[in-house]
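Commentary on secondary and tertiary structure
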Amino acid sequence: MNGITVKRVDKPTYEIDEEILEQFNEQQNIFARVIYDNDAPFFYKCNYINSEKLIEEEKKGYSRIELARAVSSWTLFNHFSDAFCDQKLDNEITKLSEPQLAKYDIEDMTPFTKEVKETALKFGASLVGICELNHKWIYKNNRHGESINIPQEYTHAIVMAIEMNEDIFNSPDWSAVTSGGISYSQMAFVSASLAQFIRHLGYKAISAGNDTALNIPLAIDAGLGELGRNGMLVTPELGSKVRICKVFTDIPLEVDKSIDFSLQNFCKKCKLCIEACEVSAISCDADPSYKIKSVSNNPGIKRWVVDVEKCYMFWIENGGGCSSCIAACPFSK
Ligand code: SF4
Ligand code: SF4
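Read on for an overview of the structure.

What counts and what doesn't
- Residues numbered from 1 in each chain as written.
- Chains lettered and ligands numbered in written order.
- Predicted model: local features only at pLDDT ≥ 70, side-chain atom pairs only at ≥ 80, totals over all residues.
- Heavy atoms only, no water.
- Near = heavy atom within 4 Å.
- Helix = DSSP H or I, 4+ residues; strand = E, 2+ residues; numbered from the N terminus.
- Nonpolar A, V, L, I, M, F, W, Y, C, P; charged D, E, K, R; others polar.
- Patch = residues over 30% accessible without salt bridge, like charges linked within 9 Å, V, L, I, M, F, W, Y side chains within 5 Å.
- Areas by Shrake-Rupley, 256 points an atom, 1.4 Å probe, with all protein chains shown as cover.
- Salt bridge = Lys/Arg side-chain N within 4 Å of Asp/Glu carboxyl O.
- Lys, Arg positive; Asp, Glu negative; His and termini not counted.
- Charge placed at Lys NZ, Arg CZ, Asp CG, Glu CD.
- Core = buried A, V, L, I, M, F, W, Y, C linked by side-chain atoms within 4.5 Å.
- Buried < 20%, exposed > 50% of the residue type's maximum accessible area, 1.4 Å probe, protein only.
- Contact = heavy atoms within 4.5 Å.
- Pairing = 2+ DSSP bridges.
- Axes fitted to C-alpha atoms, helices over the stretch in contact; angles between N-to-C directions.
- Polar contact = N/O pair within 3.5 Å; in protein donor to acceptor, adjacent residues only side chain to side chain.
- Expected span 1.5 Å × (residues − 1).
- Arc of directions from axis to C-beta.

With that out of the way, let us pick up the site of ligand 1. In the vicinity of ligand 1, the contacting residues are Cys277, Val279, Ala281, Ile282, Cys311, Phe314, Trp315, Cys322, Ser324 and Cys325. Breaking the shell around ligand 1 down by element, the ones donating at least two residues are α11 (308-317) and α12 (324-328). In the shell around ligand 1, the residues fall into nine nonpolar, one polar and no charged.

Have a look at this one:
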């Protein structure tokens, strides 16, 4: 957005209470709770459950075609974390069996880091940043309750933001859901290919979308943006109109400093995301705090908390999803 000053800072602008913050259990994520939390009002309620009713109402943006487009846009994302893991790609089709090359020797980290970032951009990332991997952001368990172990040798995260297309501004209709689905599915290509690029240089890499670790703090650590009142990453270039993916690696890389563009001061006055939310899921509090609304909010992080249960209930009512707080953010325009 024009008129903002972006400063590089020595530490990220989020505040955490180290005594409280623990690795998040992905089973507490709202989408996991749909399957595993039988006390939740949305237990086994698929977000598309109301779509037939909405099609019958013949509202603009809620046609049978739009629904098929929205659901299909998520196809690659829904399958990629397993499909493109390093074990599955360790085969003769994807490996360079001949010639057998030695591990790439990194003589100077500055140009090498630039090459890695350029590769991410060539593969389709809109923004890319690098941070040391804070293992606190790794999920304790995945959404099925299996523990996650990323060994300490994975020292860095390459964090990538993928821009959503302009249909996001039609939110909450199904074309905006499609915009999200396309970006998520693009992650499959971008992060899996970048991980494979690193493996072809003889180093280790794990690619991930929303799985494995919390994306927003990683993106903030990597200097891509700050945490907004809407509970999302807000970047100076693209606002919240991005989806995030990452690659964990043992490759030595130069890291980016976090950024500060006084977002929290801006959010104190702006409040456009509050107005855009049809179910008042976004906090109206004057200041961020350590309050949480449900088990789906990770405690120990100072922020304006989003009532993600209310949010998901609206997704169900709306027959798919919603991105109105992303579209409303002036940084997204
Ligand atoms: S996604 Fe929609 S329902 Fe959820 S918080 Fe944002 S505006 Fe509200
Ligand atoms: S819409 Fe305004 S208040 Fe909400 S996240 Fe964006 S800048 Fe902050």
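The discussion continues.
Together, Asp105, Glu107, Asp108 and Glu254 make up a region of like negative charge exposed at the surface. Here Asp105 shows up in the loop between α5 (86-89) and α6 (109-123).

Take the nonpolar core next. Grouped together as the largest cluster of nonpolar side chains are 34 residues, with contacts concentrated most on Ile158, Met160 and Val247. When contributions to this core are tallied by element, the ones reaching two or more residues are α3 (64-73), α4 (75-83), α6, β3 (127-132), β4 (156-163), α7 (174-200) and β8 (242-249). By residue number, the principal contributor to this core is α7, which donates nine residues. Residues contacting Val247, with those up to four places away along its chain left out, are His156, Ala157, Ile158, Met160, Ser191, Leu194, Ala195, Ile198, Ala205, Ile206 and Ser207. Cys131, Val159, Leu238 and Ile301 belong to the second largest nonpolar core, which has 29 residues in total.

Another aspect to go through is the pattern of salt bridges. Counting across every chain of the model gives 14 salt bridges. Across the pair Asp256 and Lys117 runs a salt bridge whose closest N-O atoms are separated by 2.9 Å. Taken together, the residues span a long stretch of sequence, with Asp256 in the loop between β8 and β9 (258-260) and Lys117 in helix α6 at a distance of 139 residues. Accessibility expressed as a relative area gives 19% for Asp256, which makes it buried. For Asp287, the salt bridge goes to Lys268, with nearest N and O atoms at 3.2 Å. One end of the pair, Asp287, is in the loop between α10 (272-276) and β10 (301-302); the other, Lys268, is in helix α9 (residues 263-270), and 19 residues separate them in sequence. Overall, the relative accessible area of 34% leaves Lys268 in the partly exposed class.

Spatial ordering of the open sheet is given by β3-β4-β8-β5, a layout of four strands whose pairing is antiparallel. Strand pairing shows two members of the sheet lacking a second neighbour, β3 and β5 (205-208), which therefore form its edges. The sheet shows a mean angle of 20° between the axes of neighbouring strands, direction not considered. Seen against the sheet, α6 touches β3 and β4 and runs at an angle of roughly 135° to β3.

Our next topic: the side chain of Arg243. The residue Arg243 is located in strand β8 in this model. One buried charged side chain, Arg243, makes no salt bridge at all; its nearest oppositely charged neighbour is Glu163, positioned 12 Å away. Within polar-contact distance, the side chain of Arg243 engages the side chain of Tyr184 at 3.0 Å. When neighbours within four sequence positions are excluded, Arg243 is seen to be in contact with Met160, Ala161, Ile162, Met164, Gly180, Ser183, Tyr184, Met187, Met232 and Ile326.

Here the focus is a nonpolar patch on the surface. There is a patch of nonpolar side chains on the surface, built from Ile35, Tyr36, Phe43 and Tyr44 and spanning about 390 Å² of accessible area. Inspection of the secondary structure puts Tyr44 in the loop between α1 (30-36) and α2 (51-56).

Under the 1.5 Å per step criterion, the end-to-end length of α6 is 21 Å for 15 residues, consistent within 8% with the ideal 21 Å. Restricting attention to buried positions, one finds in α6 the residues Phe112, Thr113, Val116, Lys117, Thr119 and Ala120. On an axial view of α6, the arc spanned by its buried residues comes to 150°, and they lie on one face. Opposite the buried face of α6, at more than 90 degrees from it, the exposed residues are Lys114 and Lys122. For α6, the elements touching its buried residues are β3, β4 and α7. Two or three places before Thr110, at the start of α6, stands the capping residue Asp108, its side-chain oxygen 3.1 Å from that residue's backbone nitrogen. Gly124 occupies a position one or two residues after α6 and carries a positive phi of about 125°.

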